[in-house]
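Commentary on secondary and tertiary structure
Residue strings, one per chain:
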Amino acid sequence: GTGPTSAAGPGGHHHGAGTAPVAAPGTTVADPVSVRDLVGDRSRSPDVSYTLTVAQRPDGGYTVNGTSPGPVVEATQGDLVQVVLRNEDVAEGTTLHWHGMDVPNGEDGVAGVTQDAVPAGGEHVYRFVADEPGTYWYHSHQISHEQVVRGLLGAVVVHPAPSAEAPDADGPPTTDVLALLHTYAGVGRTVNGSTGDTPVPLAPGQPARVRLVNTDDGPTQIWVSGAAYRVLAVDGQDLNGPTPVQGRRVTLTAGARVDLEVEVPATGAARVQAPGVSLVLGPAGATAPTTPAPSEALDLLSYGTPADPGFDPARADRRFDYVISRRFGLLDGRPGLWWTINDHLFPDVPMFMVAEGDVVVMTMSNYSGEVHPMHLHGHHALVLSRDGVPSTGSPWWVDSLDVPDGQTYEIAFAADNPGIWMDHCHNLPHAREGLVTHLMYE
Ligand code: C2O
Ligand code: CU
């Protein structure tokens, strides 16, 4: 998996691959649910099917079906999706994790936790229903601090089911624009694999939904020149009542996604920028201004209009602290300066035990000197407060959240997806340095 590795193989700690904990001889335990049973529907044929063949390049990079990023996995809400992963020649083995998608646990693609890594020449079939429309991505979860960084990744887009309502008669339908950001060694920052400016030919007045995916280990700033924008969604979850924004940047957490609505101006073009790259939205040849990143950031804690999040975080069944710090010690026997969780070093970090149906409140604080993009698998969490200041905007749901040094976030989620789920830092070298634990259902 992502985490520190042991001699048992990458990610092979805590649990055998895909098995529940084993009772000591002579004792009995309640029959634990096996991850192997928590899988997608295999009784009918899939609505969409992909074969993704992963290969190693001589320079150490990885490709999926010959390119990096790999093909976009696209589905419509409600589709049963099948992805056949083929490992052509990746000697260390590989998997695919569906980042941000709340798939059944057995389809989560975490080597050493939900499956074994697929060996070179091997194959693994993933199946899940794409029930939440939104922007996601897939990546290897085997030795991820190397395989993801070197290109074993691609985007996932789940389109909303066609609505029964009459289409909006006021204007042209929105165009979908994907912008997967990744930094390759020796190449630098890219968008959909290209450096510099990427032209997106669109007519004046055309609205676009720009789906930005940050696949790097650190946060990036996003801003728009030549047009206002609205933040339609974060981490695949639509925001309620998003209002137009101008002259402010959005911080995109490592692993996170934002969908921005940008309308092509009547003259010229609009430029969606991240440091080093941009998308130029407009008629061919139209120019767009280039501006430096605005100093003022959009704060999602107060953006949009409040709405019912669907559960009451005040009735928490469980409360956990997730305190991130750093100290010298032994991690899997190796001496060094490692990250700690609640003052424990991996693998002696606490697991968070929940029961299906619980409302869980987690307080995440960071006293480690660096920002950590914390990622919870299999669930979306509602941001309740930051440093004691409650969220006053739209319900803001995340699967990837930057917890900066010195800050505390309180989040809540419904325990509605049984299994064993990683909860780790998505600065992937940090996960390898011990910033990883699990959420586990009793
Ligand atoms: Cu995107 Cu556990 O990872
Ligand atoms: Cu980190």
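Fair warning: this is a prediction, and the values are worked out from it, not measured in the lab. (Residues numbered from 1 in each chain as written. Chains lettered and ligands numbered in written order. Predicted model: local features only at pLDDT ≥ 70, side-chain atom pairs only at ≥ 80, totals over all residues. Heavy atoms only, no water.)

What follows concerns the coordination of the copper ion (ligand 2). Here the copper ion (ligand 2) is held by the protein donor atoms His372 (ND1), Cys425 (SG) and His430 (ND1), which lie 2.0 to 2.1 Å from it. Along the chain, the residues donating to the copper ion (ligand 2) are arranged with the sequence spacing H-x52-C-x4-H. A residue pair is termed long-range when its members are at least 10 positions apart, and histidine 372 in strand β24 (residues 372-376) and histidine 430 in helix α2 (residues 428-432) qualify at 58 residues. Each member of the pair, histidine 372 as well as histidine 430, carries the same accessibility label: buried. (Donors = N, O, S within 2.8 Å, 3.2 Å for Na, K, Ca; no water. Helix = DSSP H or I, 4+ residues; strand = E, 2+ residues; numbered from the N terminus. Buried < 20%, exposed > 50% of the residue type's maximum accessible area, 1.4 Å probe, protein only.)

Spatially, 4 strands are ordered β3-β8-β7-β5 in an open sheet, and the strand pairing comes out mixed. The strands lining the two open edges of the sheet, one partner per strand, are β3 (73-76) and β5 (97-99). With strand direction ignored, the average angle separating the axes of adjacent strands in the sheet is 25°. (Pairing = 2+ DSSP bridges. Axes fitted to C-alpha atoms, helices over the stretch in contact; angles between N-to-C directions.)

Scanning all chains against the criterion turns up 22 salt bridges. Its salt-bridge partner being aspartate 176, residue arginine 211 comes within 2.7 Å of it at the nearest N-O pair. With arginine 211 in strand β12 (residues 207-214) and aspartate 176 in strand β9 (residues 175-184), this residue pair connects regions lying 35 residues apart in the sequence. With relative accessibility at 3%, the residue arginine 211 sits in the buried group. (Salt bridge = Lys/Arg side-chain N within 4 Å of Asp/Glu carboxyl O.)

Our next topic: the pairing of strand β25 (residues 381-386). Of all 6 residues that make up β25, 6 are buried, and the element is covered over most of its length. For β25 and strand β27 (residues 397-398), the ladder comprises 2 bridges, and the chain directions are antiparallel. Directly across from alanine 381, in β27, lies its bridge partner valine 398. Here 4 bridges tie β25 to strand β29 (residues 408-414), and the two strands are oriented antiparallel to one another. Directly across from serine 385, in β29, lies its bridge partner glutamate 410. Pairing geometry for β25 and strand β26 (residues 389-390), over 2 bridges, is antiparallel. Paired with arginine 386 across the two strands is valine 389, which belongs to β26. The hairpin turn running from β25 into β26, its antiparallel successor, is 2 residues long, and aspartate 387 in that turn takes a positive phi close to 50°.

Another aspect to go through is the pairing of strand β21 (residues 334-341). Pairing of strand β20 (residues 318-331) with β21, which is carried by 8 bridges, proceeds in the antiparallel orientation. Within β21, the position partnered with serine 325 by the bridge is threonine 340. The antiparallel hairpin formed by β20 and β21 contains 2 residues in its connecting segment, where aspartate 332 sits at a positive phi of about 50°.

A few words on the side chain of asparagine 366. Considering the arrangement of structural elements, one finds asparagine 366 in strand β23 (residues 359-366). A distance of 2.8 Å separates the side chain of asparagine 366 from the backbone oxygen of valine 403, its partner in a polar contact. Setting aside chain neighbours within four positions, we find asparagine 366 in contact with Ile324, Val371, His372, Val403, Pro404, Asp405, Gly406 and Gln407. (Polar contact = N/O pair within 3.5 Å; in protein donor to acceptor, adjacent residues only side chain to side chain. Contact = heavy atoms within 4.5 Å.)

Right, let's talk about the domain arrangement of the chain for a bit. Interfaces are often sized by the accessible area lost when the parts come together. One can read the domain layout of the chain as domain 1 (35-159), domain 2 (175-298) and domain 3 (318-441). Counting residues at the interface gives 14 residues for domain 2 and 15 residues for domain 3. Between domain 2 and domain 3, roughly 1100 Å² of surface is buried when both sides are summed, and carbon and sulfur atoms account for 49% of that area. Summed over the three residues of domain 2 that lose the most area to domain 3, namely Asp217, Asp235 and Thr253, the buried surface amounts to 42% of that side. Across the contact surface, domain 2 and domain 3 share 1 salt bridge. (Domains from an automatic or database assignment. Buried area = accessible area lost by both parts, 1.4 Å probe.)

Attention shifts here to unusual backbone geometry. Here serine 68 and proline 69 are connected by a cis peptide whose omega angle stands at -5°. Following phenylalanine 346, the chain continues to proline 347 via a peptide bond in cis, the omega torsion being 5°. Tracing the sequence through the fold places proline 347 in the loop between β21 and β22 (352-354). With a phi close to 55°, asparagine 65 is a non-glycine residue in the positive phi region. Take asparagine 65: it is sitting in the loop between β2 (62-64) and β3. A positive phi angle is found at isoleucine 143, which is not glycine, with a value near 45°. Secondary-structure assignment places isoleucine 143 in the loop between β7 (134-139) and α1 (144-147).

Right, let's talk about the sheet that holds strand β4 (residues 80-87) for a bit. Strand order in the open sheet formed by 4 strands is β2-β1-β4-β6, and the pairing between neighbours is mixed. Edge positions in the open sheet fall to β2 and β6 (123-129), since each of these has one partner strand only. Going across the sheet, the axis of each strand differs from the next one's by a mean of 20°, ignoring polarity. Sheet topology places strand β1 (residues 48-56) next to β2; 3 bridges connect them, and they run antiparallel. Among the inter-strand pairings, valine 54 is bridged to a residue of β2, identified as valine 64.

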